[in-house]
Amino acid sequence: KDADSVCALLLHDVVEDGSLGYQDIREDFGPQVERLVKGLTRERPDNETEEQKKKNKIEHIKELSQEGREIQLLKLCDVLDNARSWKYIPNDNPNFKKIPRWKNELKNYLPLAKKVNSKLFLMLQKYIKVGE
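The structure displayed is predicted, hence computed values, not measured ones.

Draft legend 1. Highlighting the side chain of H60. Position of H60 relative to the elements: it lies in helix α4 (residues 50–64). Overall, H60 belongs to the buried group, its relative accessible area being 7%. Excluding residues within four positions of it along the chain, H60 makes contact with G39, L40, T41, R42, K75 and Y109.

Structure representation (structure tokens):
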């Protein structure tokens, strides 16, 4: 929709998986991009167990339901982009074994998608049904 949204979609993964912090985002891209990135990013505690990760992801989705529509749409687009990339993960890649878990996690986003955007809901739903 706009440059700030595109920046936030690209940068939230950098915050989640890299060493870039919110202050860096604010300095380089401005407070609006920082706000969007914070809304998209799930905080990950150090030494998070798999069980904690499951619970924290569900909690993050609940928190998203309290966010504004813009952040909700951006997160759903991110989830859709992730689902679309699954078919490019080679069978011998360790992440290939995670696809069933990711599909299961995607189901948690469906109620939000149904509420926010029916087209995104239908597109996301398609990725759960594939291969089940």
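Draft legend 2. Spatial organisation of the nonpolar core. By size, the foremost hydrophobic cluster in this structure holds 32 residues, and its most contacted members are V37, L76, W86, L106 and L124. Where this core is concerned, the elements lending two or more residues are α1 (3–17), α2 (22–29), α3 (31–40), α4, α5 (69–85), α6 (99–107), α7 (110–116) and α8 (118–129). The element contributing the most residues to this core is α5, with six residues. Beyond its immediate stretch of four places on either side in the chain, W86 contacts I99, W102, K103, L106 and Y127.

Draft legend 3. Region of the structure containing α6. The set of residues buried in α6 consists of I99, W102, K103, E105 and L106. Summarising the axial view, the buried residues of α6 lie within an arc of 160 degrees, below the 170-degree limit, and thus occupy one face. Taken together, the buried residues of α6 touch α4, α5, α7 and α8.

Draft legend 4. Summary view of the pattern of salt bridges. As enumerated under the stated definition, the model contains 11 salt bridges in all. Here R101 ties to E105 by a salt bridge, and the two come within 3.1 Å at their closest N and O atoms. Remark: E105 and R101 occur in helix α6; sequence separation between them is four residues, near one turn of the helix. A residue is classified by how much of its surface remains accessible, and E105, at 17% relative accessible area, is buried. It is possible to trace a salt-bridge network through shared partners that takes in E50, K53, K57, R101 and E105.

Draft legend 5. How the structure looks around α5. For α5, with 17 residues, the first-to-last C-alpha span of 24 Å sits near the 24 Å given by 1.5 Å per residue. Buried within α5 are the following residues: I71, Q72, L74, K75, L76, D78, V79, L80 and A83. Contact partners of the buried residues in α5: α1, α3, α4, α6, α7 and α8.

Draft legend 6. Region of the structure containing the environment of L112. Locating L112 in the fold gives a position in helix α7. With a relative accessible area of 6%, L112 lands in the buried category. Distance in space between the C-alpha atoms of L112 and L64 is 8.3 Å, their sequence separation being 48 residues.

Conventions adopted
- Residues numbered from 1 in each chain as written.
- Predicted model: local features only at pLDDT ≥ 70, side-chain atom pairs only at ≥ 80, totals over all residues.
- Heavy atoms only, no water.
- Helix = DSSP H or I, 4+ residues; strand = E, 2+ residues; numbered from the N terminus.
- Buried < 20%, exposed > 50% of the residue type's maximum accessible area, 1.4 Å probe, protein only.
- Contact = heavy atoms within 4.5 Å.
- Core = buried A, V, L, I, M, F, W, Y, C linked by side-chain atoms within 4.5 Å.
- Arc of directions from axis to C-beta.
- Salt bridge = Lys/Arg side-chain N within 4 Å of Asp/Glu carboxyl O.
- Expected span 1.5 Å × (residues − 1).

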